[in-house]
Amino acid sequence: MKKLVLPALLALTLAACSSTGPENGAASVQDRGAGVATVTAGSASGSGIAALTDPNNILSKRSVFFDFDSFVIKQEARALVEAHARFLVQNPQMNMLVQGNTDERGSREYNLALGQKRADVVKQALMLLGAKESQIESVSLGEEKPRCEDRTENCYAENRRGDMLYTGEF
């Protein structure tokens, strides 16, 4: 029963998220505190940590990509989010920082707000799948950390993402 309920809740939550463009008024982004507590890799399970850097393991993939002006997790990213949620559940001493990113189009304020929504939706999905809220911090980088700087649609698509970083990687 639990195996059916969690995916159903995740699907409903992710389907409910949509973006309709810039909202009226100033966009706000929460002020973040000191950050996520650090954990040494020696306290986590050895095989789990190795999986994070094994290029043949889904856990080595750390970016959830979004459509233009959207913060809905795409179907093709769900397996990635599920794998990272399982890792967090199995390694409760590990912490994650989710960084929401946007392409350069839009105002700075709008992009910061959209980046926060992207980071928050990844965090929410991880929590729906069993990760603890205390393990995950979500922040927006807006357009400030582009992966690609060309002005092409393919490049813009690379910049519309939520990056999942584990303790020691940020």
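Residues numbered from 1 in each chain as written. Predicted model: local features only at pLDDT ≥ 70, side-chain atom pairs only at ≥ 80, totals over all residues. Heavy atoms only, no water.

Caption draft 1: Quick peek at the state of the cysteines. In total, this model carries one disulfide according to the counting rule given. Disulfide partner of Cys-148: Cys-155, at an S-S distance of 2.1 Å. Residues Cys-148 and Cys-155 are joined through a disulfide that is left-handed, its torsion about the S-S bond being -125°. Both residues of the pair, Cys-148 and Cys-155, count as buried. (Disulfide = S-S within 2.5 Å. Buried < 20%, exposed > 50% of the residue type's maximum accessible area, 1.4 Å probe, protein only.)

Caption draft 2: Representation of unusual backbone geometry. Within the chain, Asp-69 stands out as a residue other than glycine whose phi angle is a positive 55°. For Asp-69, the location among the structural elements is in the loop between strand S1 (63-65) and helix H3 (78-90). (Helix = DSSP H or I, 4+ residues; strand = E, 2+ residues; numbered from the N terminus.)

Caption draft 3: View of the sheet that holds S1. Reading across from one edge, S1-S4-S2-S3 is the order of the four strands in this open sheet, with mixed pairing throughout. Two strands in the sheet have a free side with no partner beyond their single neighbour: S1 and strand S3 (136-142). The mean angle between the axes of side-by-side strands here comes to 20°, regardless of whether they run parallel or antiparallel. Bridge count between strand S2 (residues 96-101) and strand S4 (residues 161-166): five bridges; the pairing is antiparallel. Along S4, the bridge assignment pairs Gln-99 with Asp-163. Against the sheet, helix H4 (residues 108-128) engages S1, S2, S3 and S4, with an angle of about 155° to S3. (Pairing = 2+ DSSP bridges. Axes fitted to C-alpha atoms, helices over the stretch in contact; angles between N-to-C directions. Contact = heavy atoms within 4.5 Å.)

Caption draft 4: Inspection of the nonpolar core at higher detail. Counting 26 residues, the largest nonpolar core has Val-64, Ile-73, Leu-88, Val-98, Val-122 and Leu-126 as the members making the most contacts within it. Every element with two or more residues in this core is listed here: helix H2 (46-53), H3, S2, H4 and S4. Sorting elements by how many residues they give to this core places H3 first, with six residues. The contact partners of Val-122, leaving out residues within four places of it in the chain, are Val-64, Phe-66, Ile-73, Val-98 and Met-164. (Core = buried A, V, L, I, M, F, W, Y, C linked by side-chain atoms within 4.5 Å.)

Caption draft 5: Representation of the pattern of salt bridges. Overall, the coordinates contain 10 salt bridges when judged by the stated rule. Notably, a salt bridge pairs Arg-147 with Asp-163, separated by 3.2 Å at the nearest N-O pair. Note that Arg-147 is positioned in the loop between S3 and helix H5 (153-159) and Asp-163 in strand S4, a separation of 16 residues in sequence. Exposure remark for Arg-147: the relative accessible area of 42% places this residue in the partly exposed category. Look at Asp-163 and you get buried, because its relative accessible area is 7%. (Salt bridge = Lys/Arg side-chain N within 4 Å of Asp/Glu carboxyl O.)

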